[in-house]
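A look at the structure
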Amino acid sequence: MDRIAKALELARKSQKPSGGRMLQTNVETEISYTYTRTVPVDVAFLRKQRVIGGIQDKRIVDAYKLLRTRVLQRMQQNNWKTLGITSVGEHDGKTLTAVNLAISIAMKLNFTVLLVDADMRRPNVHNLFGFQPALGLRDYLEADASIEDILVNPGIDRLVVLPGRGGGDTSSELLASPRMMDLVQELRSRYSSRLVIFDLPPVLVGDDVVAFAPNLDAALLVVEDNKTQGDELARTVDLLEGIDLIGTVLNKSTEENQGYDYYYY
């Protein structure tokens, strides 16, 4: 883990300090489900997927609560509304981190969360909740599907999912399109207490994250212990230059009693 810590310290020093706008606290805490399809979740299925809605392991739940608290502190200090979660490479645990962070934030009574599956190469958020979307983000961007027809409430209060569906070779073009930019503005402005979390593709698999970056207030990076290489991490941080990188999650740590570690800088 030392090599990761050293790489992160170098990354930290390269980051510019963020602005200091103060918190605009919540007023509205309810997402209207009038036109949102509700899909009941199976607790046993969530537990199998290591989603905290079904996990009773206090160490894991507390780790995500700590992550939640530190992320919210930075988001509130800067009045940020949009957070992208990405990783260096594939299978580092970014989608599970995005899902569990979204649920953990939604557990706080004064926040609502919209989780957007913006990994248009391999959308996977719906699989962790155990449902198959009839429509997805791509259907809105390419086929004028209504957002109200796409949104899903996975049976968890104050959480709504905008799922992905299918794949394709035009993911970065769609993520950088004017229609996507307009959608982000709509999603971030509709509710003052809402945070919008985007599950993005890994940085090094293409230009999707860089193309979508102008829509983000901040980003969170997931790395996998004993897998992510220092040079890969350095290249990733370099590609994310200009984005407020608020922290890094060290996933699958092999240190004793550390299922998840979190570094913040």
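Residues numbered from 1 in each chain as written. Predicted model: local features only at pLDDT ≥ 70, side-chain atom pairs only at ≥ 80, totals over all residues. Heavy atoms only, no water.

A few words on helix α4 (residues 94–106). For α4, with 13 residues, the first-to-last C-alpha span of 18 Å sits near the 18 Å given by 1.5 Å per residue. Counting buried residues in α4 gives 13 out of 13 residues, a clear majority hidden from the surface. (Helix = DSSP H or I, 4+ residues; strand = E, 2+ residues; numbered from the N terminus. Expected span 1.5 Å × (residues − 1). Buried < 20%, exposed > 50% of the residue type's maximum accessible area, 1.4 Å probe, protein only.)

With respect to the helices, strands and loops of the structure, D208 is situated in helix α10 (residues 208–212). A polar contact is formed between the side chain of D208 and the side chain of S171, at a distance of 2.7 Å. Residue contacts for D208: discarding those within four places in its chain leaves R121, S171, S172, L175 and P201. (Polar contact = N/O pair within 3.5 Å; in protein donor to acceptor, adjacent residues only side chain to side chain. Contact = heavy atoms within 4.5 Å.)

Note on pairing: side chains with opposite charge can pair once their charged atoms come close. All told, the structure shown has 10 salt bridges when counted by the stated rule. Between R121 and D208 there is a salt bridge, with the nearest N and O atoms lying 2.9 Å from each other. Residue R121 is found in the loop between β3 (112–117) and α5 (125–129), and its partner D208 is found in helix α10; the two are separated by 87 residues along the sequence. The class for R121 is partly exposed, based on a relative accessible area of 34%. (Salt bridge = Lys/Arg side-chain N within 4 Å of Asp/Glu carboxyl O.)

Of note, H91 is a non-glycine position whose phi angle comes to about 60°, a positive value. The residue H91 is located in the loop between β2 (82–87) and α4 in this model. One non-glycine residue with positive phi stands out, namely R158, at about 65°. Topologically, R158 is positioned in the loop between β4 (152–153) and β5 (159–162). Note on R158: relative accessible area 15%, which makes it buried.

With respect to burial, strand β7 (residues 218–224) is a largely interior element, 7 of its 7 residues being buried. Covered by surrounding structure in β7 are A218, L220, V222 and E224 together with A219, L221 and V223, the residues of both alternating faces. Relative to β7, β2 runs parallel, the two being bridged by 5 bridges. The partner of L83 across the bridge, within β7, is A218. As paired elements, β7 and strand β8 (residues 245–251) share 6 bridges and run parallel to each other. The residue bridging A219 from the neighbouring strand is L245, located in β8. In terms of handedness, the path from β7 via helix α11 (residues 230–239) over to β8 forms a crossover that is right-handed. (Pairing = 2+ DSSP bridges. Right-handed = clockwise from strand over helix to strand, strands pointing away.)

As a further point, take the packing of helix α3 (residues 58–77) against α4. The contact between α3 and α4 brings their axes to 9 Å, and the two run at 75°. Taken together, the axis directions place α3 and α4 in an arrangement best described as roughly perpendicular. Along the contact surface, α3 presents Y64, K65, L67, R68, V71 and L72, while α4 presents L96, T97, N100, L101, S104 and I105. Its residues assigned to classes, the contact of α3 with α4 comprises 7 nonpolar, 3 polar and 2 charged. (Axes fitted to C-alpha atoms, helices over the stretch in contact; angles between N-to-C directions. Parallel < 35°, antiparallel > 145°, perpendicular 65-115°, else oblique. Nonpolar A, V, L, I, M, F, W, Y, C, P; charged D, E, K, R; others polar.)

Residues of the protein with pLDDT of at least 70 account for 82%, and the chain-wide mean is 83. For the stretch residues 16–31, pLDDT sits under 50, and the model shows 38 contacts to residues farther than four places along the chain or on other chains. Scored below 50 in pLDDT, residues 257–265 makes 42 contacts in the model with residues more than four places away or belonging to other chains. (pLDDT = per-residue confidence, 0-100.)

Taken as a whole and assessed by the stated rule, the structure comprises 1 aromatic pair. For the pair F198 and F212, a centre-to-centre distance of 5.0 Å together with 65° between the ring planes defines the contact as edge-to-face. Of this pair, F198 sits in strand β6 (residues 194–199) while F212 sits in helix α10, and the two are 14 residues apart along the sequence. There is no split in this pair, since F198 and F212 are both buried. (Phe/Tyr/Trp six-rings, centres within 6.5 Å; stacked < 30°, edge-to-face > 60°.)

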